[in-house]
Amino acid sequence: MSNINVQRRQFLKTSVGLAAVAVAPGMLLFEAAHGQSAAVSSKVRWGMLIDTANCTDGCNDCVAACNKGNGLAGGLNSGGLSPTDSQWMRKVELKDMRGGRTLSLPMMCQHCEHPPCVDVCPTGASFKRADGIVLVDRHRCIGCRYCMMACPYKARSFVHEPLHDQNPDVPRGKGTVESCTMCVQRIDRGQQPACAEACPNKAILFGNLNDPESEIARRIRTVASVQVRADLGLNTAIRYQGL
Amino acid sequence: MKAFLFILLLAATPSWAAGSIVPKLDIGKGGQCVEDPQWMRKNHMHLLIRQRDETVRKGIRDGKYSLKNCIECHASLRDDSVIGRDDSFCQGCHRYEAVKIDCFECHSGKRKSAWAQSK
């Protein structure tokens with residue numbers, strides 16, 4: 001009896017295997033014929049390492065590049081920063097009150113592995129892409145702003161005013177929440193985020209945290225770097241060196 | 001009853017199908033569309049909604065049914081836009097059918113090259 005069962009099991013295994021072999025190329029061809037590349041994969045996790053020693057006090061180039069690349073007003077078109085302008089990235093000045101040491105660093109969405117904004121979103125608009133980038137799907141966003149409350153980094157902005165003349169690659173609109181997308185449209189084209197490219201001192205190192213051979217993984221292995229509010233256990237993708 | 005419904009359906013057939021009053025559209029560059037134009041008139045929204053989820057959620061950006069591709073071919077050669085005028089490619093038809101388009105509250109209705117030049 002058991003012998004028969006084993007044979008039956010073998011037969012089923014082989015036929016399932018054969019079926020998979022027969023179907024798989026068809027599916028690949030289907031994908032190819034429909035001109036679709038593969039979806040982003042969790043083998044990659046995009047991240048940044050920010051070297052505070054190279055970040056100059058008073059320099060605002062990364063923020064300006066972010067505003068320009070994503071079509072945010074950022075005080076450029078509106079004649080000064082309006083109180084309701086979106087802010088995806090900002091410079092933060094820190095000072096040790098005892099020692100007097102000052103630091104300047106860029107602050108933006110930290111692209112957490114366990115993002116609180118995604119946890120609280122009632123519509124599933126806030127989501128984390130397979131490659132670790134935390135985004136807002138504005139087709140689903142109802143503008144409730146729970147995510148803005150939940151974010152420990154104050155990274156998100158709400159669009160209060162009607163917008164015109166958006167960047168065709170970066171759709172944005174009134175009534176939705178938005179934040180740093182790590183320039184997802186550039187990453188998908190194989191480019192670096194605008195801030196990393198614009199930094200004159202190369203203080204922002206962008207790369208794949210999951211690839212042990214990448215420059216960023218090597219640096220994180222060899223130099224001391226911290227996550228902001230690491231105590232929250234969110235495992236952020238943005239790390240700071242010399243904080 | 002069925003026959004009555006059928007007659008009603010015939011009467012409700014859009015007039016472009018019957019070949020009478022058709023909204024005159026500025027189709028921009030035009031050329032070979034990704035699907036048959038008549039089929040596209042009926043189904044473009046399904047293609048766009050599917051493509052948008054693939055792009056936003058999975059990062060697939062080279063699908064052929066993208067809104068940007070529509071705009072690239074169909075934006076007017078006069079003002080590089082698919083909205084804004086009564087005969088603009090998207091707006092003209094949507095106005096005729098009395099269907100509101102939400103796309104362009106966030107998305108740019110302009111051709112990318114024209115947008116880049118204006119910056």
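Below: a short report on this structure. (Residues numbered from 1 in each chain as written. Chains lettered and ligands numbered in written order. Predicted model: local features only at pLDDT ≥ 70, side-chain atom pairs only at ≥ 80, totals over all residues.)

### What to know about the nonpolar core
In plain terms, the rule: The nonpolar core is taken to be a set of buried Ala, Val, Leu, Ile, Met, Phe, Trp, Tyr and Cys residues joined by way of C-beta atoms within 7 Å. Exposure criterion: with C-beta atoms placed from backbone coordinates, a residue whose C-beta has 20 or more other C-beta atoms within 10 Å is buried, one with 12 or fewer is exposed, and one in between is partly exposed. In DSSP terms, a helix is any run of H or I states spanning at least four residues, a strand is any run of E spanning at least two, and both are numbered starting from the N terminus. Contact between residues is assigned whenever the C-beta positions, reconstructed from backbone atoms, fall within 7 Å.
Counting residues in hydrophobic clusters, the biggest one holds 47 residues, and the most contacted among them are A:Met48, A:Ile50, A:Met89, A:Cys195 and A:Ile204. Contributions of two or more residues to this core are made by β1 (46-51), α2 (61-69), β3 (102-108), β5 (134-136), α5 (184-187), α6 (194-198), β8 (204-208) and β10 (238-241) of chain A. In terms of residues, this core owes the most to one element, β1(A), which gives four residues. Beyond its immediate sequence surroundings of up to four residues, A:Met89 is in contact with A:Cys62, A:Val63, A:Cys66, A:Pro106, A:Met108, A:Cys180 and A:Cys195. Of all hydrophobic cores here, the second largest spans 10 residues; its members include B:Ala75, B:Ile83, B:Cys90 and B:Phe104.

### A word on the interface of chain B and chain A
The condition is simple: Under the grouping applied here, Gly and all other residues not named as nonpolar or charged are polar, the nonpolar ones being Ala, Val, Leu, Ile, Met, Phe, Trp, Tyr, Cys and Pro and the charged ones Asp, Glu, Lys and Arg.
On the side of chain A, 19 residues touch chain B, which itself brings 18 residues to the contact. The greatest single-element share of the side of chain B that touches chain A, amounting to four residues, is contributed by helix α3 (residues 37-58) of chain B. Broken down by class, the residue content of the side of chain B that touches chain A amounts to four nonpolar, four polar and 10 charged.

### Section: the sheet that holds β10(A)
Residue and element names in this part refer to chain A. Using the following cut-off: By the convention used here, strands pair only if DSSP detects at least 2 bridges between them. Between N-to-C directions, angles span 0 to 180 degrees; the directions come from axes that are lines fitted to C-alpha atoms, helices contributing only their stretch in contact.
On the basis of which strands lie adjacent, the open sheet formed by four strands has the order β8-β1-β10-β9 and mixed pairing. Here the strands that pair on one side only, and so sit at the sheet edges, are β8 and β9 (225-226). In terms of strand pairing, β1 meets β8 through five bridges, oriented antiparallel. Within β8, the position partnered with isoleucine 50 by the bridge is isoleucine 204. Sheet contacts for helix α7 (residues 215-222): β1, β8, β9 and β10; angle to β8, the most-contacted strand, approximately 110°.

### Here's the deal with the environment of B:Gly28
Residues and elements named next belong to chain B. Within the element layout of this structure, glycine 28 appears in the loop between α2 (15-18) and α3. A count of 21 C-beta atoms within 10 Å places glycine 28 in the buried class. Beyond its immediate chain neighbours, meaning those up to four positions away, glycine 28 contacts Cys73, His74, Ala75, Ser76, Leu77 and Phe89.

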